[in-house]
Amino acid sequence: QVQLVESGGGLVQPGGSLRLSCAASGFTLHYYAIGWFRQAPGKEREGVSCISSSDGSTYYADSVKGRFTISRDNAKNTVYLQMNSLKPEDTAVYYCAADILLPDPTVQATCDPSYEYDYWGQGTQVTVSS
């Protein structure tokens, strides 16, 4: 069955780090654009970081530039989001999504919350608090 599963969330103090994983089954993630999104209570869903399948281009929201890094491990069919220098404002449920690029959009376009992805994971909670 086609599935995306997020893991790696948890409770961390401000300034700490977490690495989120998005593992795919039933399809090969290498051929898909991947997006990380987050949603906090009372807030709209926002694009955090995205990576293309065509050329490996990446995009980061201004709020996470210099702190987060998105990457692929094709051997494990997994995409990661390394999150450093975490802030309380980063508290949210984090979701990954996958889309086959036919036609090929810009990587920035795939991080728009209105972009229609083929697959979504169930989410993993990240809480940043002292």
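**Student:** Quick one: what's the story with the overall build of the protein chain, residue by residue and with numbers?
**Tutor:** Each helix and strand in the protein chain was counted, giving 1 helix and 11 strands. Listed N to C, the secondary structure of the protein chain is β-β-β-β-β-β-β-β-β-α-β-β in terms of helices and strands. Relative to a compact globule of 130 residues, whose C-alpha radius of gyration would be 14 Å, the protein chain shows 14 Å and is just as compact. By principal-axis analysis of the C-alpha atoms, the protein chain measures approximately 45 × 25 × 25 Å. Per-residue burial over the protein chain gives 41% buried out of 130 residues. Summarising the internal contacts of the protein chain: among those between residues at least 6 apart in sequence, 63% fall at separations of at least 24. If you sum the accessible surface of the protein chain, you get close to 6,700 Å²; carbon and sulfur atoms cover 46% of it.

**Student:** For unusual backbone geometry, give the residues involved together with the corresponding values.
**Tutor:** Among all residues save glycine, negative phi is the norm, and among peptide bonds the norm is trans. Look at N77: it is not a glycine, yet its phi comes out positive at around 55°. Positionally, N77 belongs in the loop between β7 (68–73) and β8 (78–83). A positive phi angle, close to 50°, is found at S85, a residue other than glycine. Structurally, S85 can be placed in the loop between β8 and β9 (92–100).

**Student:** Can you tell me about the pattern of salt bridges, naming the residues and giving the values?
**Tutor:** Summed over the entire model, instances satisfying the criterion amount to 4 salt bridges. A salt bridge links R67 to D90, with the nearest nitrogen and oxygen atoms 2.8 Å apart. Of this pair, R67 sits in the loop between β6 (58–60) and β7 while D90 sits in the loop between β8 and β9; the two residues are 23 residues apart in sequence, bridging distant segments of the chain. When sorted by exposure, R67 lands in the same class as D90, which is buried. Salt bridges here are not isolated pairs; linked through shared partners, they connect R38, E46, R67 and D90.

**Student:** Describe the state of the cysteines, with residues and values.
**Tutor:** Cysteine pairs can be linked by a disulfide, which is a covalent bond between their two sulfur atoms. Taken as a whole and judged by the stated rule, the model has 2 disulfides. Two residues share a disulfide in this structure: C50 and C111, whose sulfurs sit 1.9 Å from each other. Every disulfide takes its handedness from the sign of the S-S torsion; for C50 and C111 that torsion is 105°, giving right-handed. In this pair, C50 is assigned in strand β5 (residues 46–51) and C111 in the loop between α1 (107–110) and β10 (119–120), connecting sequence segments 61 residues apart. This pair shows no difference in class: C50 is buried, exactly as C111 is. For the protein chain, numbering the cysteines in disulfides from first to last along the sequence yields the connectivity 1-3, 2-4.

Definitions and cut-offs
- Residues numbered from 1 in each chain as written.
- Predicted model: local features only at pLDDT ≥ 70, side-chain atom pairs only at ≥ 80, totals over all residues.
- Heavy atoms only, no water.
- Helix = DSSP H or I, 4+ residues; strand = E, 2+ residues; numbered from the N terminus.
- Rg over C-alpha atoms; globule rule 2.2 N^0.38 Å.
- Buried < 20%, exposed > 50% of the residue type's maximum accessible area, 1.4 Å probe, protein only.
- Contact = heavy atoms within 4.5 Å.
- Areas by Shrake-Rupley, 256 points an atom, 1.4 Å probe, with all protein chains shown as cover.
- Salt bridge = Lys/Arg side-chain N within 4 Å of Asp/Glu carboxyl O.
- Disulfide = S-S within 2.5 Å.

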